[in-house]
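So the chains spell out like this:
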Amino acid sequence: MDLGKIQHPGFLKDMQHGDLEKLAADIRHFLITNIAKTGGHIGPNLGVVELTLMLHKTFSSPEDKFLWDVGHQAYVHKILTGRANQFGTLRQYKGLCGFPKRSESEHDVWETGHSSTSLSGAMGMAAARDIKNANYHIVPIIGDGALTGGMALEALNHIGHEKRKMIVVLNDNEMSIAPNVGAMHNMLGRLRTAGKYKWAKEELEYLLKKIPVMGGKLASTAERVKDSLKYLMVSGMFFEEMGFTYLGPLDGHSFEELEDHLQYAKKIDGPVLLHVVTKKGKGYTPAESDSIGTWHGTGPYKIDSGEFVKPVNGPPAWSKVVSDEIIKGAEKDKRVAVITPAMPVGSKLETFADLYPERFFDVGIAEQHATTMAAGMAADGMKPVLSIYSTFLQRAYDQLVHDVARQNLNVFLTIDRCGLVGADGETHQGVFDVSFLRHLPNMVVMMPKDENEGQAMVKTGLAYEDGPIAMRFPRGNAAAAPTEDEKDIIPIGSWEELTEGNDVAVLAVGTMIQPALEAAATLRAENISVKVINARFIKPLDEAMLHKLCQQGTPLLTVEETVLQGGFGSAVLEFMEEHEHRDIAIKRMGVPDRFIEHGSPKELLKEIGLTSTNIAAQIRDLCKSEHQNHQQRA
Ligand SMILES: Cc1ncc(C[n+]2csc(CCOP(=O)(O)OP(=O)(O)O)c2C)c(N)n1
Ligand SMILES: CC(=O)[C@@H](O)[C@H](O)COP(=O)(O)O
Ligand SMILES: [Mg+2]
């Protein structure tokens, strides 16, 4: 089938299973060949081809509402809702979003990107539907990984209490990004592999009673799904006891099983949990045999060999620079332990986990728990490193305030993916953490200019004993491999002058230092001398240096790859106001007050003006207005 011709999923209603099998094969071929070019979340999407087809065959989107948890597995949904032709632009600048996007389609009723929000969204929609006396299905699709997220459990608790009609589809493929972890995961494992339990007759009657009117007549259907009910065992009763009707586990690649169970679930009153077992990466051997998470989200790859298309032996990833230095610290200090909320592969922590399994904790998709667990470890004398993406740290704000900063506990946050991350787009940009860390009393916030300073900062963070300290670093690779020499600890709150200059001082943070240096070099040819300062501590500021610059009357330009609101530039403004340095010209450059969509970091930085060209332009403006002020004063 030419998938580009699909405009609406309605054509599926009358499709027979044989034709669905052919369509599934076409979709798999489409996914494998297109994502080989663009990159994307190939593993998760290959695992939900049959499930998505049967969902759109059984229900009537967009009247019936699908909420895709995390949303990285919604490519098949996008193909079936008229967007196949856009896949050449997947996750690219102004192209197709890699997650559900309401502005793209009426079938995308709920936007995701962060995990474990679908059930709460579904509960909200169920309440709205019932208040409106409307009558449509609400179908959140949540993975076994996302189910480990605290929000999901909060929602299960409420949904089971409210008993409003909804069909929760649990897509259980035994994987998070990496292998899934936790007691919930273990329980699902028991369900998946349960031996044949004799299910009591009353179990069937118990279930049939839930189907108003039709109950008796469904005996034949019940007989057909009886085989799956055989697994209705103790741990299956967990969901029953939570107020759900549990159905499954069923083969998520069998159209017959899916159709039977979904039709059955439609008729059951109250919340249903349909436990669907799928295989991540199904239909493409390299992805299907992936047991560590390599094929969860990929760059371009060669289809035949499964080789990834990227520069071999390039400079190390920033996360590797950091994790290697943490390992050195752990060798010397037995108090060092590492906690990650489900991102051991992304944060390159596998080696640490192999070397120090007793000091490594993957807590699942549970950032709030991870943060307060780190506080608990620090309170009891350990040196916990909380390894976490900037965007996912947003989920643990109160834990940072209430448990870490307020108790002034010695937690070392290594915050990965800081700045514009690119293809993941709006939901993943790491641009807010400075604003929500800087205002916390006791918090130290720092960001290195390069990989060598990165190593020195890890040492500094591990040596720091006076409370919480956070080190930010970007997604992607460092400019080069760090040098072998032992790095020195950096004095807290110290900045570094990188170039001499008197006309303007540029206070640049992290990734903005290189473009600032390029701008300074350009302006030197125009006889404008620029002092570029590595503002490596966002909190505390280097107040001595700032006072000196202000007393000299040097105009200031702050540059940061974080939102301007409450960012580093705001800190400098606050300092100047507090110390009455009012006659100093200052400009701030940063991320504007809007969400930044997907694209390459380079394209996005250009879009928001964080380039060396624009830095130079801002410096020229400062010089010009400074010159005009001098003339007026003369
Ligand atoms: C709050 C949050 N933390 C971490 C992530 C990173 N992440 C993206 S997908 C994923 C695993 C999801 O596993 P599962 O729900 O089982 O979906 P699958 O990929 O197996 O289909 C994780 C941890 C995220 N998106 N949101
Ligand atoms: C969907 C999701 O949240 C993760 O897959 C995320 O995309 C991983 O990000 P990195 O690719 O930066 O590790
Ligand atoms: Mg999973």
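This text goes with the structure placed above it.
What you see is a predicted model, and the numbers here were worked out from it, not measured in a lab. (Residues numbered from 1 in each chain as written. Chains lettered and ligands numbered in written order. Predicted model: local features only at pLDDT ≥ 70, side-chain atom pairs only at ≥ 80, totals over all residues. Heavy atoms only, no water.)

A. A look at the coordination of the magnesium ion (ligand 3). In this structure, Asp144 (OD), Asn173 (OD1) and Met175 (O) serve as the protein donors to the magnesium ion (ligand 3), at separations of 2.0 to 2.1 Å. In primary sequence terms, the donor set of the magnesium ion (ligand 3) follows D-x28-N-x1-M. Within this pair, whereas Asp144 is found in the loop between β2 (138-143) and α6 (150-162), its partner Met175 is found in the loop between β3 (166-172) and α7 (183-192), the two being separated by 31 residues in sequence. Met175 matches Asp144 in its accessibility class, with the two residues each being buried. (Donors = N, O, S within 2.8 Å, 3.2 Å for Na, K, Ca; no water. Helix = DSSP H or I, 4+ residues; strand = E, 2+ residues; numbered from the N terminus. Buried < 20%, exposed > 50% of the residue type's maximum accessible area, 1.4 Å probe, protein only.)

B. Molecular detail of the site of ligand 1. Inspection of the region around ligand 1 gives 23 residues, with His72, Ser115, Gly145, Lys280 and Glu367 positioned closest. Within the side chain of His72, one N or O atom sits 2.7 Å away from an oxygen atom of ligand 1. Between ligand 1 and the protein, one listed contact pairs an oxygen atom with a side-chain N or O atom of Lys280 at 2.7 Å. When ligand 1 sits alone it has 590 Å² of accessible area, and the protein chains cover 98% of it. Residue composition of the shell around ligand 1, by class: nine nonpolar, 10 polar and four charged. There are two domains that each give the shell around ligand 1 at least three residues, and those are domain 1 (3-195 + 243-288) and domain 3 (318-474). (Near = heavy atom within 4 Å. Polar contact = N/O pair within 3.5 Å; in protein donor to acceptor, adjacent residues only side chain to side chain. Areas by Shrake-Rupley, 256 points an atom, 1.4 Å probe, with all protein chains shown as cover. Nonpolar A, V, L, I, M, F, W, Y, C, P; charged D, E, K, R; others polar. Domains from an automatic or database assignment.)

C. Highlighting the sheet that holds strand β7 (residues 360-362). The seven strands lie next to each other as β7-β6-β8-β9-β11-β10-β15, forming an open sheet whose pairing is mixed. The open sheet has two free edges, formed respectively by β7 and β15 (537-539), since each of these has just one partner strand. Sheet twist, expressed as the mean angle between neighbouring strand axes with direction ignored, is 20°. Here five bridges tie strand β8 (residues 383-389) to strand β9 (residues 412-416), and the two strands are oriented parallel to one another. (Pairing = 2+ DSSP bridges. Axes fitted to C-alpha atoms, helices over the stretch in contact; angles between N-to-C directions.)

D. Spotlight on the sheet that holds strand β12 (residues 496-497). As summarised here, the arrangement of the five strands in space is β12-β14-β13-β16-β17, forming an open sheet in which the pairing is mixed. Taken across any chain shown, the strands that pair with only one partner, and hence form the sheet edges, are β12 and β17 (586-591). In terms of strand pairing, strand β13 (residues 504-508) meets strand β14 (residues 530-534) through five bridges, oriented parallel. Bridge assignment links Leu507 to a residue of β14, and that residue is Ile533.

E. Up close: the packing of helix α5 (residues 118-131) against α6. Put simply, α5 and α6 touch, their axes get as near as 8 Å, and they point 30° apart. Classified by the angle their axes make, α5 and α6 are roughly parallel. Pair α5 / α6 crosses with left-handed handedness. Residue-level inspection shows Leu119, Ser120 and Met123 of α5 in contact with α6, the latter providing Met151, Ala152, Ala155, Leu156, His158, Ile159 and Glu162. Split by residue class, the contact of α5 with α6 holds seven nonpolar, two polar and one charged. (Parallel < 35°, antiparallel > 145°, perpendicular 65-115°, else oblique. Left-handed = near helix turned anticlockwise from the far one by under 90°. Contact = heavy atoms within 4.5 Å.)

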